[in-house]
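Residue-level structural notes
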Amino acid sequence: MSRKTSIITLDQFKEKHFGKVGTTKRDELDEGYENFKIGALIHEARLEKGLTQEELARKVGTTKSYISKIENNIKEVRLSTLKKIVELGLGGQIDLSIKL
C-alpha cells in the first residue's frame, strides 16, 4: 500500500496556519522569526570565533546576560548595539538591505 504525501513550502505552511502576510498573527510570527534569526546568527558567529558570551560582552561593553538574552530571543537588539557586536566583538561587518 503506497502512501501519498504532499510537500508544502514554508510560506504555504505559514499561510495555512498563521494567515496571509499583513494579518496580525502572520506579522507577529514573521517578526519573531527575524529576531530569532539575528540571535542565532550572533550565537553561531561567536562560537566560530571561539568566544564565550562573557568575552564577547567585554569586547562590546555590555554584559554576558545581555548577550545571552539576544542569542536566546528574549531581548531584541538595537541596530547600534548589533553593529557593535558584529564589528567590535566579532570583527565582522553588517550587510543591511531594504527590499521594497
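Fair warning: this is a prediction, and the values are worked out from it, not measured in the lab.

Core analysis: the biggest nonpolar cluster contains 13 residues, and Ile42, Leu56, Ile70, Val77 and Ile85 have the highest contact counts within it. Going through the elements one at a time, helix 3 (53–60), helix 4 (64–71) and helix 5 (79–89) are the ones with two or more residues in this core.

The next subject is the pattern of salt bridges. Per the stated rule, a full pass over the model turns up 3 salt bridges. When the shortest N-O distance is used, the salt bridge between glutamate 15 and lysine 20 registers 3.0 Å. Taking the relative accessible area as the measure of exposure, glutamate 15 reaches 39% and is therefore partly exposed. The shortest N-O distance in the salt bridge between glutamate 54 and arginine 58 comes to 3.9 Å. With glutamate 54 and arginine 58 both in helix 3, this residue pair falls 4 residues apart, about one helical turn.

Further remarks concern a negative patch on the surface. Where like charges cluster on the molecular surface, the negative patch consists of Asp27, Glu28, Glu31 and Glu76. Relative to the elements of secondary structure, aspartate 27 occurs in helix 2 (residues 24–48). On the basis of relative accessibility, which here comes to 35%, the residue aspartate 27 falls in the partly exposed class.

Bringing the packing of helix 3 against helix 5 into the picture now. Two quantities define a packed helix pair, namely the angle between the axes and the distance from one axis to the other. Put simply, helix 3 and helix 5 touch, their axes get as near as 9 Å, and they point 100° apart. Taken together, the axis directions place helix 3 and helix 5 in an arrangement best described as roughly perpendicular. The residues of helix 5 that touch helix 3, namely those facing Leu56, Lys59 and Val60, are Lys84, Ile85, Leu88 and Gly89. Split into classes, the residues belonging to the contact of helix 3 with helix 5 amount to 4 nonpolar, 1 polar and 2 charged.

Glancing now at a nonpolar patch on the surface. The grouping of Ile8, Leu10 and Phe13 at the surface amounts to a nonpolar patch, some 300 Å² of accessible area in total. As for its placement among the helices and strands, leucine 10 is situated in helix 1 (residues 10–18).

Rules and cut-offs
- Residues numbered from 1 in each chain as written.
- Predicted model: local features only at pLDDT ≥ 70, side-chain atom pairs only at ≥ 80, totals over all residues.
- Heavy atoms only, no water.
- Core = buried A, V, L, I, M, F, W, Y, C linked by side-chain atoms within 4.5 Å.
- Buried < 20%, exposed > 50% of the residue type's maximum accessible area, 1.4 Å probe, protein only.
- Helix = DSSP H or I, 4+ residues; strand = E, 2+ residues; numbered from the N terminus.
- Salt bridge = Lys/Arg side-chain N within 4 Å of Asp/Glu carboxyl O.
- Patch = residues over 30% accessible without salt bridge, like charges linked within 9 Å, V, L, I, M, F, W, Y side chains within 5 Å.
- Areas by Shrake-Rupley, 256 points an atom, 1.4 Å probe, with all protein chains shown as cover.
- Lys, Arg positive; Asp, Glu negative; His and termini not counted.
- Charge placed at Lys NZ, Arg CZ, Asp CG, Glu CD.
- Axes fitted to C-alpha atoms, helices over the stretch in contact; angles between N-to-C directions.
- Parallel < 35°, antiparallel > 145°, perpendicular 65-115°, else oblique.
- Contact = heavy atoms within 4.5 Å.
- Nonpolar A, V, L, I, M, F, W, Y, C, P; charged D, E, K, R; others polar.

Functional significance is not addressed by these values, which are geometric in nature.
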